[in-house]
Amino acid sequence: SSESLLHAQGAGELLVSLGGHPSQDISIIDESNDHTITSLLQESLDHERNAVSLYKSLLSEVEDKSIYLEEYAKEMIKNEEIHSLTVEKMLRDYE
């Protein structure tokens, strides 16, 4: 959760530097209420994959328009893919 907060703060700073205003809304996160290790890890993996998808959408939107934003998107994709790989490994360990 602290890493998610850092990501949100970084995105907010970037948005403000571009003249925007970050939303103060909190996204609703689906929860299965199944608190087994594998279910929690699967939920986490789903969130990581969704984040990758969102950052890839950002990348396609800014491609050839801003090197800085392209690099930001690529770095975030890299980070989220690393998180996904870590969670996938953890899931395999519990299967």
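The numbers attached to residues start from 1 for each chain and follow its sequence in the written order. Two thresholds apply to this predicted model, a pLDDT of at least 70 for residue-level local features and 80 or more for giving and counting side-chain atom pairs, whereas whole-chain, interface and lining totals are computed over all residues. Excluded from the side-chain calculations are hydrogens and water; all other atoms, namely the structure's heavy atoms, are used.

Some words on the environment of E95
Defined as follows: Helix and strand definitions follow DSSP, with helices as H or I runs of at least four residues and strands as E runs of at least two, each counted in order from the N terminus.
Inspection of the secondary structure puts E95 in the segment after α3 (67-94). The spatial distance from the C-alpha of E95 to the C-alpha of T38 is 7.8 Å, given a sequence separation of 57 residues.

Examining the packing of aromatic side chains
For any pair of aromatic rings, the description consists of the separation of the ring centres together with the inter-plane angle of the planes. Basically, it comes down to this: In summary, the pairing rule links any two rings of Phe, Tyr or Trp, Trp by its six-membered ring, whose centres are within 6.5 Å, and it sorts them by plane angle into stacked for under 30 degrees, edge-to-face for over 60 and tilted for everything else. When a residue's accessible area, from a 1.4 Å probe over protein chains only, is under 20% of the maximum for its type it is buried; when over 50% it is exposed; and in between it is partly exposed.
According to the stated counting rule, one finds one aromatic pair in the structure shown. Seen in terms of ring centroids, Y55 and Y72 are 6.4 Å apart; in terms of plane orientation they differ by 80°. Their pairing is edge-to-face. Linking Y55 in helix α2 (residues 37-62) with Y72 in helix α3, this pair joins segments that are 17 residues apart in sequence. The burial state of Y55 is the same as that of Y72; both residues are buried.

What about the side chain of H7?
As a reminder of what qualifies: Contacts: residue pairs with any heavy atoms within 4.5 Å of one another.
In this fold, H7 is placed in helix α1 (residues 2-17). Not counting residues within four places of it along the chain, the set of residues in contact with H7 comprises Y55, Y72, M76, N79, E80 and H83.

A few points about the confidence of the model for the protein
The line we're drawing: Looking at any residue, its pLDDT shows the predictor's confidence there, from 0 to 100.
Taken over all residues, the pLDDT of the protein has a mean of 90, while the share at 70 or more is 99%. When mean pLDDT is taken per element in the protein, α3 scores highest with 95 and α1 scores lowest with 84.

Considerations on the environment of S57
Within the fold, S57 resides in helix α2. Separated by 13 residues in sequence, S57 and E70 place their C-alpha atoms 11 Å apart.

Examining the side chain of H83
Looking at the secondary structure, you find H83 in helix α3. Residue H83 is classed as buried on the basis of its relative accessible area of 17%.

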